[in-house]
Structure formats: C-alpha cells, structure tokens
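Below, each chain spelled out in residue letters.
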Amino acid sequence: MQRIIVAPSILAADFSRLNDEINRVEAAGADWIHCDIMDGHFVDNISFGPEIVGIVRGLTNLPLDVHLMIEHADHYVPRFVKAGANSITVHVEPEAKHDVGNTLRQIQDAGCRAGLTLNPETPFAVVEPFLDKIDLLLIMTVHPGFGGQPFRADQMQKVKRARSLNDKIDIEVDGGINARTARLSIENGANVLVAGTSIFHSRDYATAIRELRGE
C-alpha cells in the first residue's frame, strides 16, 4: 500500500492571511500544497497565476502540486516551473488546446513531475495511452472550477482501473474529499488526496488531515 499523501488546496484558504494558512497546514501534517490554476476559459472561473505560486514557494518547503485547468498549458508551463512547481498536471481534454504528449515531455524535461487529469465526463480510455508516460494521474471527482461541490462516487471506477493498470504512479483525487470520501478513494486505489473545504473550513487542521488519512 502506497503512503497516503494529503495535499491541501489553497483555493479554499483565507488569502488575507495566506502565510498563516500555509504554516498551519504544514504544521498539521500536510504533505504537499495543491495550487488550482484556472483561466476563465477551460473552466468557468479564474483563480491565480504563477506569481502567487512563486509567493507560496517562498512560504514553504513542501512540494507544490500545480493543477493547470487552462488552455494552452504548454505556453504557461515554463512560468510555473520558474515559480517553483514540483509537479504540474495538465488536462487531457481537447478543449485544453495543447499536444498532451509534448506537454508532458516538456514538464519532465524541466525537472518537474508530470501529471495528467480528466474531468468526470471524460472517458478513461482517453488517458490510457499516457499511463506509462506520467508520474501522477488526477481523477476529478467533481467538475473542475469551483470548490464545495458534492463528490462523484461514479469516478471510483476510473481510480480502480488506473490502479489496476499502473501500480507505480500516484493516483490523486480532487473534489468533495472528506473523511468518508477519502476512505472510499483509498479503498479503490488513490493515494493522493486533494482537500480544500474539509481542511481550511475546519476548526482543527491536524484533526482534519488525520481523518482524511483514516487515522
């Protein structure tokens, strides 16, 4: 069984005291910091860009897990590498408007771990040709763009399928992750849990993180 990694999503943090929020989740036992990048085109929301990722890089030594929910990710990858990303995940859907294979190579050639993700509506078969070319597979358990959506349990079939095909990559879930849905995700083969609301809206970050791991 792979180690369970908890990656708090700062999209749910209080940005007016971001330094304190990051310090708190780090002290509470977070493994990675997850950065959701949205451009208002690929998803119907805008979050933040490489400048904020660079600021976060200066606040923590934890790995920065950057999820690009944007068009033309290949154009922006160098900026996020420079900002300090440790892993960069891009979308497989054609609406993301990039050559998936080339972008994955671009990320790895820059010294980052390369991830690929798919939306709930996207068939798993679309990512299968890339499973031996990535370090991380992100299964969205909500439609990307906004926090606080209910968990899509039907996506567990993708998690289970991915784990059966590759037992070496990290399999990450993002969307509606709490103690209950984390347990279901882990049972199906996920080992990286992205959680925003269930951590940053809790009273005790350490307890929330322990509960996600099932401790």
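Up top is the structure these notes are about.
All of these numbers come straight from a predicted model, not from anything done at the bench.

Details of the pattern of salt bridges
- By the definition in use, this model includes 12 salt bridges.
- Arginine 213 is the salt-bridge partner of aspartate 31, the closest N and O atoms lying 2.6 Å from each other. A residue pair is termed long-range when its members are at least 10 positions apart, and aspartate 31 in the loop between helix H1 (18–27) and strand E2 (33–38) and arginine 213 in helix H8 (residues 205–213) qualify at 182 residues.
- On the accessibility criterion, aspartate 31 (14% relative accessible area) is buried.
- Of the charged contacts in the structure, one is a salt bridge between arginine 152 and aspartate 154, with a shortest N-O distance of 3.1 Å.
- Under the relative-accessibility criterion, arginine 152 is labelled partly exposed at 29%.
- Beyond isolated ion pairs, a larger network of salt bridges with shared partners links Asp14, Arg17, Asp20, Glu21 and Arg24.

Describing helix H4 (residues 100–109)
- The complete set of buried residues in H4 reads Val100, Gly101, Thr103, Leu104 and Ile107. The buried side chains of H4 occupy one side of the element, clustering within an arc of 165° when seen end-on.
- Where H4 is buried, its residues meet helix H3 (73–83), strand E4 (87–91) and strand E5 (113–118).
- Glycine 111, located one to two residues past H4, shows a positive phi value of around 90°.

Remarks on the pairing of strand E6 (residues 136–140)
- Within E6, five of the five residues are buried, which leaves the element mostly enclosed by the surrounding structure.
- Taking every second residue as pointing to the same face, both faces of E6 are buried, with Leu136, Leu138 and Met140 on one and Leu137 and Ile139 on the other.
- Sheet topology note: the E5/E6 ladder contains four bridges and is parallel. Residue leucine 118 lies in a different strand from E6, and its bridge partner there is isoleucine 139.

A few points about the pairing of E4
- In terms of residue burial, E4 counts as a mostly covered element, since five of its five residues are buried.
- Burial along E4 is two-sided: Ser87, Thr89 and His91 facing one way and Ile88 and Val90 facing the other are all buried.
- This β-α-β element, strand E3 (residues 64–69) to H3 to E4, shows right-handed connectivity.
- Examined bridge by bridge, E4 and E5 share five bridges and lie parallel to one another. Bridging across to E5, threonine 89 finds its partner in glycine 115.
- In this view, the connection linking E4 to its parallel neighbour E5 by way of H4 has right-handed handedness.

Let's talk about the side chain of histidine 67
- Following the sequence through the fold, histidine 67 ends up in strand E3.
- Other than its neighbours up to four places away in sequence, histidine 67 contacts His34, Cys35, Asp36, Ile37, Thr89, His91, Thr117, Leu138, Met140 and Asp174.

What to know about unusual backbone geometry
- Here histidine 72, not a glycine, exhibits a phi torsion of approximately 55°, which is positive.
- Secondary-structure assignment places histidine 72 in the loop between E3 and H3.

Rules used throughout
Residues numbered from 1 in each chain as written. Predicted model: local features only at pLDDT ≥ 70, side-chain atom pairs only at ≥ 80, totals over all residues. Heavy atoms only, no water. Salt bridge = Lys/Arg side-chain N within 4 Å of Asp/Glu carboxyl O. Helix = DSSP H or I, 4+ residues; strand = E, 2+ residues; numbered from the N terminus. Buried < 20%, exposed > 50% of the residue type's maximum accessible area, 1.4 Å probe, protein only. Arc of directions from axis to C-beta. Contact = heavy atoms within 4.5 Å. Pairing = 2+ DSSP bridges. Right-handed = clockwise from strand over helix to strand, strands pointing away.

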